[in-house]
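# Structural characterization, general
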Protein chains: 2
Amino acid sequence: MKIAIDGMGGDHAPFSTVKGIVDAINEYNAEIVVTGDKTVLENEFAKYSFDKGNLEIIHTTQVVTNDDKPVKAVKGKKDSSMMVALELVKNNKADAAVSAGNTGALLAGGLLNIGRIAGVDRPALCTALPSKKGFTLLLDAGANADCKPINIVQFGIMGSIYARQVLDVKNPTVGLVNVGSEEGKGNELTKAAYELLKEEKLINFTGNIEARDIPEGKADVVVCDGFTGNVILKLIEGVADFLMGKLKNVFMSGLISKLAALLVKDGLKQMKSELDYSEYGGAPFVGVDGALIKAHGSSDAKAIKNAIGYAMKYVEGDVVGEIKNSIKGE
Amino acid sequence: MKIAIDGMGGDHAPFSTVKGIVDAINEYNAEIVVTGDKTVLENEFAKYSFDKGNLEIIHTTQVVTNDDKPVKAVKGKKDSSMMVALELVKNNKADAAVSAGNTGALLAGGLLNIGRIAGVDRPALCTALPSKKGFTLLLDAGANADCKPINIVQFGIMGSIYARQVLDVKNPTVGLVNVGSEEGKGNELTKAAYELLKEEKLINFTGNIEARDIPEGKADVVVCDGFTGNVILKLIEGVADFLMGKLKNVFMSGLISKLAALLVKDGLKQMKSELDYSEYGGAPFVGVDGALIKAHGSSDAKAIKNAIGYAMKYVEGDVVGEIKNSIKGE
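Residues numbered from 1 in each chain as written. Chains lettered and ligands numbered in written order. Predicted model: local features only at pLDDT ≥ 70, side-chain atom pairs only at ≥ 80, totals over all residues. Heavy atoms only, no water.

Scanning chain A from N- to C-terminus turns up 12 helices and 12 strands. Taking the principal axes of the C-alpha coordinates as reference, chain A spans close to 70 × 60 × 35 Å. The buried share of chain A, reckoned over its 330 residues, is 58%. Across chain A, every contact between residues at least 6 apart in sequence was considered, and the portion connecting residues at least 24 apart equals 71%. As displayed, chain A offers around 13500 Å² of accessible surface, 49% of which is attributable to carbon and sulfur atoms. The averaged location of the 42 negative side-chain charges in chain A is 3 Å from the averaged location of its 38 positive side-chain charges. (Helix = DSSP H or I, 4+ residues; strand = E, 2+ residues; numbered from the N terminus. Buried < 20%, exposed > 50% of the residue type's maximum accessible area, 1.4 Å probe, protein only. Contact = heavy atoms within 4.5 Å. Areas by Shrake-Rupley, 256 points an atom, 1.4 Å probe, with all protein chains shown as cover. Lys, Arg positive; Asp, Glu negative; His and termini not counted. Charge placed at Lys NZ, Arg CZ, Asp CG, Glu CD.)

Okay, structure coming up:
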């Protein structure tokens, strides 16, 4: 199995990317093909010890930046590290692609270069949110700002498959993000989606879920349109930052509070790691006809390594094949 | 100025409600007319010392419960403490109404019994969220699950008036909740709303605001449809609970960490109070033709007292008149 990595995408590329690849080769015996500036990458890889037989470098001359408009990046930067990585999946030269680069460009590239699975109307970004049960999968985390009820149902099916095949959740529950827990609540979209979800036999639908219950872990998979999903994802980040900042102020306010901080240092570190996005190895773009994982823009080496690990599980669990079998195309 | 209070609405009514009323009479010299079971209320009020001349009790025989459907409550419970409080505003026997009861019933009662200001298409629930600047006003926090672009603009106008007249914010900034900060981002609704907002001269529109920047306080007023607003409001509650729970686990894990908790006790208390909804005295239902304040369902006496204080400011600042002048009706 070969995993293609966009060697130049992300805030800490290529340094963290290279270190993450090395760790994945050493820990998972991953076979990697990385795209990017060959000289730069070779210099970075030279710093580490690993089995060179597991690594191939493909030289590319362009880089997709965060300012690039998605479709322009796809059409105008065909020799970018990101688009070449996607091409490798399209041409079956790699089994999966991982990138920490421009999300919009990656999603557009996934749609235009790799393409949708027949029958999947809208592929979705699937993100793991921290919750009391460990994590909750959120789809769509932002690929589709406007959605139809049938899209939401397909998000539920695809999210359930990912939860089962990659995260080993047995019979995952699916909840619909809504403004009340009772049936009949919601806007036009969620009311219509509810009707379809409760009839859908491929999922274990447990009804509406209010936003306050998402961190409770009341469902394994929560589904919503990509606008709402993006708001959820970013608000969790914002509220966590806000509260951790307030907590820091409490601990830094004087000598005694600094002493208190020392006493609970390990506990706070553990708490922070439980909130850490990098644990869950990035967000798959489920519904495209290949394994495509978006790693967080600020991924460190551990996040890249984990993303590679989850990409391997995505391929081993044949998520694409399972989605094909579940959602029959025309 | 007379403030009508729903004496039976809320999780801790009538006990917290009565205590809150007593405190508001003693601190603000508020003139109160409270609705509810006269015997129950009189027994509660007998426990406290205050100027009885500032209090009138109107006996009602029904109570709107949290399980009541909104329109059924309005039509079927005309002699409830909630609906009679609204009638008092409608008939100019009170200047404002405060209730901690069933939100849906209160909003429906506000629309059907008090009615909209001419020209206001959709009144909105206006909630104060904690932020780095103290607070950020969110409209619509859940009154209108589906919205049109013009509704969002009116939310901006009404929120700005409330911020200015009640919370003393000079030239409040207005941000549109969206999935990216650049112009052109969003779903169909936010793209269209953006175009209208940037032309609107009655507000100080500063563009899109991502959900992660809401707790940063990047805008004084943030506007969105009521579905998104409800998700934001409840998710902040959920994430805060989740993190405070994790923090509690850290502090309770052993003797040393318990000692640490003691050392920062005051700081943590202060942090908690900064996150406390009750500080901001409930959410006005802006755009109805009267002052109507929804206090949190779990309001304690302090929250009720603050809600009464803000109701008084709402009347003194003539928010209804200002909205009438800004949004000319047909």
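Here the focus is the side chain of A:Ser160. All names here are of chain A. Position of Ser160 relative to the elements: it lies in helix α6 (residues 149–165). A residue is classified by how much of its surface remains accessible, and Ser160, at 2% relative accessible area, is buried. A distance of 2.7 Å separates a polar atom in the side chain of Ser160 from the backbone oxygen of Gly156. (Polar contact = N/O pair within 3.5 Å; in protein donor to acceptor, adjacent residues only side chain to side chain.)

With that settled, the discussion passes to the interface of chain A and chain B. If you look at the interface, chain A gives 45 residues, while chain B gives 45 residues. Both faces considered, chain A and chain B share a buried interface measuring about 4400 Å² in area, 77% of it formed by carbon and sulfur atoms. Among the residues chain A hides against chain B, the three largest losses belong to A:Phe227, A:Leu235 and A:Phe242. Together they make up 16% of the total. The interface formed by chain A and chain B includes four salt bridges. Linking chain A with chain B are eight residue pairs in polar contact (both at pLDDT 80 or more). Per-element accounting of the side of chain A that touches chain B gives the leading share, 18 residues, to helix α8 (residues 226–252) of chain A. (Buried area = accessible area lost by both parts, 1.4 Å probe. Salt bridge = Lys/Arg side-chain N within 4 Å of Asp/Glu carboxyl O.)

Residues and elements named next belong to chain A. Here seven strands make up an open sheet; going across it, the order is β3-β2-β1-β4-β12-β11-β5 and the pairing mixed. Each edge of the open sheet is held by one strand with a lone partner, namely β3 (55–59) and β5 (124–125). Across two bridges, the pairing between strand β11 (residues 283–286) and strand β12 (residues 291–294) is antiparallel. The residue of β12 that forms the bridge with Ala283 is Lys294. In the packing of helix α11 (residues 301–316) onto the sheet, the strands contacted are β1 (2–6), β2 (31–36), β4 (96–99), β11 and β12, and the crossing angle to β12 comes to about 155°. (Pairing = 2+ DSSP bridges. Axes fitted to C-alpha atoms, helices over the stretch in contact; angles between N-to-C directions.)

Here we take up the packing of aromatic side chains. Residue and element names in this part refer to chain A. All told, the structure shown has seven aromatic pairs over all chains when counted by the stated rule. For the pair Phe45 and Phe50, a centre-to-centre distance of 5.6 Å together with 55° between the ring planes defines the contact as tilted. Residue classification places Phe45 among the buried residues on the basis of a relative accessible area of 3%. Ring geometry for Tyr194 against Phe205: centres 5.3 Å apart, planes inclined by 75°, an arrangement best described as edge-to-face. In this pair, Tyr194 sits in helix α7 (residues 188–199) while Phe205 sits in strand β9 (residues 204–209), placing the two residues 11 residues apart along the sequence. Here Tyr194 matches Phe205 in class, with each residue buried. Positioned above the aromatic ring of Phe50 is the side chain of Lys52, whose terminal nitrogen or guanidinium carbon lies 4.4 Å from the ring centre. (Phe/Tyr/Trp six-rings, centres within 6.5 Å; stacked < 30°, edge-to-face > 60°. Lys NZ or Arg CZ within 6 Å of the ring centre and 35° of its normal.)

Below, the discussion takes up the domain arrangement of chain A. Frequently, the measure chosen for interface size is the accessible area removed from exposure when the parts meet. Residue and element names in this part refer to chain A. By the assigned domains, chain A splits into domain 1 (1–120 + 287–330) and domain 2 (124–279). On a C-alpha basis, the centroid separation for the pair domain 1 and domain 2 is 25 Å. In this assembly, 22 residues from domain 1 lie in contact with 17 residues from domain 2. Summing both sides of the interface, domain 1 and domain 2 together bury roughly 1700 Å²; the carbon and sulfur share of this comes to 64%. (Domains from an automatic or database assignment.)

Moving on, we come to the packing of helix α8 (residues 226–252) of chain B against helix α9 (residues 255–263) of chain B. Residue and element names in this part refer to chain B. Where α8 meets α9, the closest approach of the two axes is 6 Å, and the angle between their N-to-C directions is 120°. What the angle tells us is that α8 and α9 run oblique. Side by side, α8 and α9 meet where Val250, Phe251 and Met252 of the first sit next to Ser257, Lys258, Ala260 and Ala261 of the second. In terms of residue class, the contact of α8 with α9 is made up of five nonpolar, one polar and one charged. (Parallel < 35°, antiparallel > 145°, perpendicular 65-115°, else oblique. Nonpolar A, V, L, I, M, F, W, Y, C, P; charged D, E, K, R; others polar.)

Let's shift gears to the relation of the copies chain A and chain B. The two copies are related by a screw motion: chain A maps onto chain B through a turn of 180° and a shift of 0.0 Å along the axis, at an RMSD of 0.0 Å. The operation mapping one copy onto its partner corresponds to a two-fold rotation axis. Of the C-alpha atoms belonging to chain A, the one lying closest to the rotation axis is found on A:Ala260, 2.2 Å away. When the interface residues of chain A are mapped onto chain B, 100% of them again fall at the interface, so both copies present the same face. (Least-squares fit on C-alpha atoms with pLDDT ≥ 70 in both.)

Residue and element names in this part refer to chain B. In terms of burial, strand β8 (residues 173–178) is largely enclosed, as six of its six residues are buried. Of the two faces of β8, the one lined by Thr173, Gly175 and Val177 and the one lined by Val174, Leu176 and Asn178 are each fully buried. Bridging between β8 and strand β9 (residues 204–210) involves five bridges; their strand directions are parallel. Within β9, the position partnered with Asn178 by the bridge is Glu210. Handedness of the crossover joining β8 and β9 through helix α7 (residues 188–199) is recorded here as right-handed. In terms of strand pairing, β8 meets strand β10 (residues 221–223) through three bridges, oriented parallel. Looking at the pairing, Val174 lines up with Val221 of β10. (Right-handed = clockwise from strand over helix to strand, strands pointing away.)

It is worth spelling out the sheet that holds strand β1 (residues 2–6) of chain B at this point. Residues and elements named next belong to chain B. Across the sheet, which stays open at both edges, the seven strands sit in the order β3-β2-β1-β4-β12-β11-β5 with mixed pairing between neighbours. The outermost strands of the open sheet, each flanked by one partner alone, are β3 (55–59) and β5 (124–125). Pairing geometry for β1 and strand β4 (residues 96–99), over three bridges, is parallel. Among the inter-strand pairings, Ala4 is bridged to a residue of β4, identified as Ala97.

Here we come to the side chain of B:Glu210. As for its position among the elements, B:Glu210 is in strand β9. Assessed through its relative accessible area of 12%, B:Glu210 is described here as buried. Excluding residues that lie within four positions of it along the chain, B:Glu210 makes contacts with A:Lys234, B:Asn178, B:Val179, B:Gly180 and B:Ser181.

Here we take up unusual backbone geometry. Residues and elements named next belong to chain A. Each neighbour pair has its own omega, and for Ala13 with Pro14 the value is 0°, a cis peptide bond. Structurally, the position occupied by Pro14 is in the loop between β1 and α1 (15–28). A cis amide bond links Leu139 to the next residue, Asp140, at an omega of 0°. You will see that Asn92, though not glycine, has its phi angle at about 55°, which is positive. Tracing the sequence through the fold places Asn92 in the loop between α4 (81–90) and β4. The backbone of Asp168 shows a phi angle near 60°, a positive value even though the residue is not glycine. For Asp168, the position within the fold is in the loop between α6 and β8 (173–177).

In this structure, A:Ile232, A:Phe251, B:Ile232 and B:Phe251 are the most contacted members of the largest nonpolar core, which totals 102 residues. With residues near it in sequence (within four places) discarded, A:Ile232 still touches A:Leu129, A:Leu138, A:Val177, A:Ile214, A:Cys224, B:Val231 and B:Leu235. (Core = buried A, V, L, I, M, F, W, Y, C linked by side-chain atoms within 4.5 Å.)

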